[in-house]
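Letter by letter, the chains look like this.
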Amino acid sequence: MLSNRQESDTFNDDVLLLDGAMSLVDVLQRRAANHPNKTAYTFLDYGVISQNNLTYGELDANVKQLAVRLQQRVGLGERAVLLYPPGLDYIVAFFACLYAGVIAVPAYPPSNNRHMPRLRAILDDSKATLILTTQQVEGNIRQFPDMTDDLLGKHWLQTDIVERSIDASAWCPPILQANDLAFLQYTSGSTGD
């Protein structure tokens, strides 16, 4: 446990570290460079402490690798729907969108066919060109009886499949402006026709 003085020194060091950071990308990169082994995120499954952690260094490396995949598939400013259950996969995908200059559109994965109209409304309104998800979520959705060719024809990227040929060092920081859109968040009331 840290003393009050140690906590104060750590806070002050963190403030200096983040001074001048212009984006969440800057913040994560600075923390990854200065605290690579410090835990960035821990996923608590129903409040139970688990070993499901990401350090700043791991997060930055995973995000860069996925950002390279995104930059190879879509252009700057395009939109990607993020279909993830709660967990660290969502965190990686969200930051990868920021690193790639892709607009993230978070949506909860439909659990049955009845929820498909909401997903379709989000896809149509956002004009997303890509769906980021896991193998399991995509497999579940493809089993729904109302899956149509327009949804099946979308570009799907299963982010839990690691492509060993992708080199995270190939990541190119996008040129962004302060007023560029980072993500679109739909509420349950905004997805009706």
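Since the model is a prediction, treat every value here as computed from it, not as a measurement.

Basis of the calculations
- Residues numbered from 1 in each chain as written.
- Predicted model: local features only at pLDDT ≥ 70, side-chain atom pairs only at ≥ 80, totals over all residues.
- Heavy atoms only, no water.
- pLDDT = per-residue confidence, 0-100.
- Helix = DSSP H or I, 4+ residues; strand = E, 2+ residues; numbered from the N terminus.
- Contact = heavy atoms within 4.5 Å.
- Salt bridge = Lys/Arg side-chain N within 4 Å of Asp/Glu carboxyl O.
- Buried < 20%, exposed > 50% of the residue type's maximum accessible area, 1.4 Å probe, protein only.

A. Main features of the confidence of the model for the protein chain. Summarising the model, the protein chain shows a mean pLDDT of 83, and 82% of its residues fall at 70 or more. The least confident element of the protein chain is helix α1 (residues 4–18), whose mean pLDDT is 55; the most confident is helix α4 (residues 88–100), at 96. Of the regions scoring below 50 in pLDDT, residues 1–9 engages in 3 contacts with residues more than four places distant in sequence or in other chains.

B. Region of interest: the pattern of salt bridges. Scanning the entire structure with this criterion turns up 2 salt bridges. Note that Lys64 is salt-bridged to Asp60, the shortest N-O span being 3.3 Å. Remark: Asp60 and Lys64 occur in helix α3 (residues 56–73); sequence separation between them is 4 residues, near one turn of the helix. When sorted by exposure, Lys64 lands in the same class as Asp60, which is buried. Residue Arg142 pairs with Glu138 through a salt bridge whose shortest N-O separation is 2.7 Å. In this pair, Arg142 and Glu138 both sit in helix α6 (residues 135–142), 4 residues apart, roughly one turn of the helix. Under the relative-accessibility criterion, Glu138 is labelled buried at 8%.

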